[in-house]
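Residue-level listing of the chains:
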Amino acid sequence: MQYTLSSYEPVSMKMPKPPVPPELVEQQIEKLMEPLSEYHEVEEDRPCMAGDYIVVTTEDARMDGNLAKHFILTNSLYHLGAGEMPKAFDDSIIGMRVGETRDVKAMIKMPMGKMNGMSLLTMTVTIEKMLYMVKPELTDELVQKEFGPATTVEEFRTGVAAQFNLPDMKKDDPKFPDLVLKEIAKRLVEDPAEEDRLPGMPDDALRITCAIDALASHLNLDLTDEQITAQMPGDDLDQKIKIRKQLEDQGMGDQAIVFARREAALGWLVNNSTVSYQQ
């Protein structure tokens, strides 16, 4: 049976914005609370470690031998291990003590890096102080004073979560093909014929199959022999060739072509469709 769709345009659908993971909200609240926190010197004589707040002075900072002024700091507060600098830099100063000076070298990723996208950062680092942070308690009163118009902690958390804008769903997301296939199945004009149902095939799968066949016909997918083979299941060309030959040996050469047309139509649909989140 020949099937048709009410529209052959790529799918463009919007989904409800999924809830923001609580840990992301908490991380953002932590950052917003930092300016309200107090810092006190660590009295214990110990090496600095990831998570410490340190006051650093850096001198003679160079990137691949060239002066890098934006890396030169004087008595600057730095949160060690928080991602402010590449991990390679943090690893090179972990273990230093207050008053210690060290010549630091770290390979960091740079767009124009001379060594396969990497550059050598060198500088002299002095640890001036080691600090710990004391944060104020997050209360309704603090929210009203510092984070209006929110008046409660719950309102503040909701507002922070709303700041996260999710990008369009990536096409390699495992959910993407299923979403666009379900959407294209809604456009099927005719009711699927029972003769097109494979044994045990549920109604929704039958409708999707008929819809993708209609799209393949509309796209006039006249695949070459090489393109048919390329659409076969398998991790590499040799495996695809083997699977196609097995189908043909079993008298299922026509089914292999139908499968390839469906896969090609699905590829077109995925490549040209978008799934975005309502903001």
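Residues numbered from 1 in each chain as written. Predicted model: local features only at pLDDT ≥ 70, side-chain atom pairs only at ≥ 80, totals over all residues. Heavy atoms only, no water.

**Q** Kindly report on the pattern of salt bridges, identifying the contributing residues and their values.
**A** The tally for this structure, following the rule as stated, stands at 16 salt bridges. Note that Glu30 is salt-bridged to Lys135, the shortest N-O span being 1.7 Å. Remark: Lys135 occurs in the loop between β7 (118–134) and α3 (140–146) and Glu30 occurs in helix α1 (residues 22–33); sequence separation between them is 105 residues. With a relative accessible area of 35%, Lys135 lands in the partly exposed category. Here Asp213 ties to Arg262 by a salt bridge, and the two come within 2.7 Å at their closest N and O atoms. Placement of Asp213 in helix α6 (residues 203–219) and of Arg262 in helix α9 (residues 253–272) is noted, with a sequence separation of 49 residues between them. (Salt bridge = Lys/Arg side-chain N within 4 Å of Asp/Glu carboxyl O. Helix = DSSP H or I, 4+ residues; strand = E, 2+ residues; numbered from the N terminus. Buried < 20%, exposed > 50% of the residue type's maximum accessible area, 1.4 Å probe, protein only.)

**Q** Help me get a handle on the packing of aromatic side chains, residues and values and all.
**A** On inspection of all chains with the given rule, the structure shows three aromatic pairs. Here the aromatic rings of Tyr39 and Tyr53 are separated by 5.3 Å at their centres, their planes lie at 70 degrees, and the arrangement is edge-to-face. Placement of the pair is Tyr39 in strand β2 (residues 38–41) and Tyr53 in strand β3 (residues 53–63), with a sequence separation of 14 residues. We classify Tyr53 as buried; its relative accessible area is 8%. (Phe/Tyr/Trp six-rings, centres within 6.5 Å; stacked < 30°, edge-to-face > 60°.)

**Q** Please set out the side chain of Thr124 residue by residue, giving values where relevant.
**A** Structurally, Thr124 is set in strand β7. Overall, the relative accessible area of 17% leaves Thr124 in the buried class. Only 2.8 Å separates the side chain of Thr124 from the side chain of Asp103, close enough to count as a polar contact. With sequence-adjacent residues up to four places away left out, Thr124 is seen in contact with Thr57, Thr58, Glu59, Thr101, Arg102 and Asp103. (Polar contact = N/O pair within 3.5 Å; in protein donor to acceptor, adjacent residues only side chain to side chain. Contact = heavy atoms within 4.5 Å.)

**Q** Explain unusual backbone geometry to me, using residue names and the numbers behind them.
**A** Along the chain, Gly148 connects to Pro149 via a cis peptide bond; the corresponding omega equals 10 degrees. Tracing the chain through its elements places Pro149 in the loop between α3 and α4 (153–162). Here Asp64, not a glycine, exhibits a phi torsion of approximately 55 degrees, which is positive. With respect to the helices and strands, Asp64 occurs in the loop between β3 and β4 (66–67). The class for Asp64 is partly exposed, based on a relative accessible area of 22%. Unusually for a residue other than glycine, Asn220 sits at a positive phi of about 55 degrees. Inspection of the secondary structure puts Asn220 in the loop between α6 and α7 (225–230).

Function-wise, these values are silent; they only describe arrangement.
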